[in-house]
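Given next are the chains, with one letter for each unit.
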Amino acid sequence: RIALTCSGNLQMVFSSFYLQPVEVSVDRFELALTDEDGNASKSPLAVYEREVCMDIAGQQFCKATSKVRIYDAELDETLTTQQVGIGQLLRMRNLAPKFRLHDAGRNKHGGMWRFYS
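Cut-offs applied
- Residues numbered from 1 in each chain as written.
- Predicted model: local features only at pLDDT ≥ 70, side-chain atom pairs only at ≥ 80, totals over all residues.
- Heavy atoms only, no water.
- Pairing = 2+ DSSP bridges.
- Helix = DSSP H or I, 4+ residues; strand = E, 2+ residues; numbered from the N terminus.
- Buried < 20%, exposed > 50% of the residue type's maximum accessible area, 1.4 Å probe, protein only.
- Contact = heavy atoms within 4.5 Å.
- Axes fitted to C-alpha atoms, helices over the stretch in contact; angles between N-to-C directions.

### Notes on the pairing of strand E5 (residues 112-116)
Where strand E4 (residues 101-106) meets E5, 5 bridges bridge the pair, whose relative direction is antiparallel. By the bridge assignment for E5, Leu101 is matched with Tyr116. Hairpin connection between E4 and E5: a loop of 5 residues separates the two successive antiparallel strands, and Gly110 in this loop has a positive phi of roughly 90°.

What follows is the structure, encoded as structure tokens:
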């Protein structure tokens with residue numbers, strides 16, 4: 001339940017639970033060709049499609065895919081030059097994510113998925 005509702009910072013939740021550091025590897029980070037978000041009040045500087053894996057002690061526990069809209073040039077620089085999780089980046093900048101869970105469920109392999117903005 002905590003993993004489903006945590007405010008975008010899954011890395012911190014698992015690190016705290018297991019009392020071990022979480023390793024984040026960015027497997028895909030590409031500039032998106034389109035951005036279908038018609039609800040955005042202003043245009044982002046960039047939109048990326050991103051896929052990261054997280055593991056503890058060599059055991060992968062999460063593969064996350066996301067579409068990331070960037071509105072701040074410093075955040076854009078950090079994301080394009082460092083292997084960093086989104087929650088980790090927000091913590092580095094002392095920012096709190098806005099989180100709204102839209103849907104969640106289990107996949108056929110026993111894992112979970114969630115859709116949030």
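From this point, things continue past the structure.
### Quick look at the environment of Val13
For Val13, the location among the structural elements is in helix H2 (residues 10-18). According to the relative accessible area criterion, Val13 is partly exposed, its value standing at 24%. Sequence-distant contacts of Val13, defined by excluding residues within four places in its chain, comprise Ile2 and Cys6.

### Things to note about the sheet that holds strand E2 (residues 46-56)
Taken in spatial order, the 3 strands make up an open sheet running E1-E2-E3, and their pairing is antiparallel. Edge positions in the open sheet fall to strand E1 (23-31) and strand E3 (59-70), since each of these has one partner strand only. When the angles between neighbouring strand axes are averaged without regard to direction, this sheet yields 20°. Pairing of E1 with E2 involves 8 bridges; the strand directions are antiparallel. Paired with Leu31 across the bridge in E2 is Tyr48. Across the sheet, H2 lies against E1, E2 and E3, angled at about 10° from E2, the strand it touches most. Along the sheet face, helix H3 (residues 73-81) touches E1, E2 and E3 and points at about 50° away from the line of E2.

Read these as layout, nothing more, since geometry by itself doesn't imply function.
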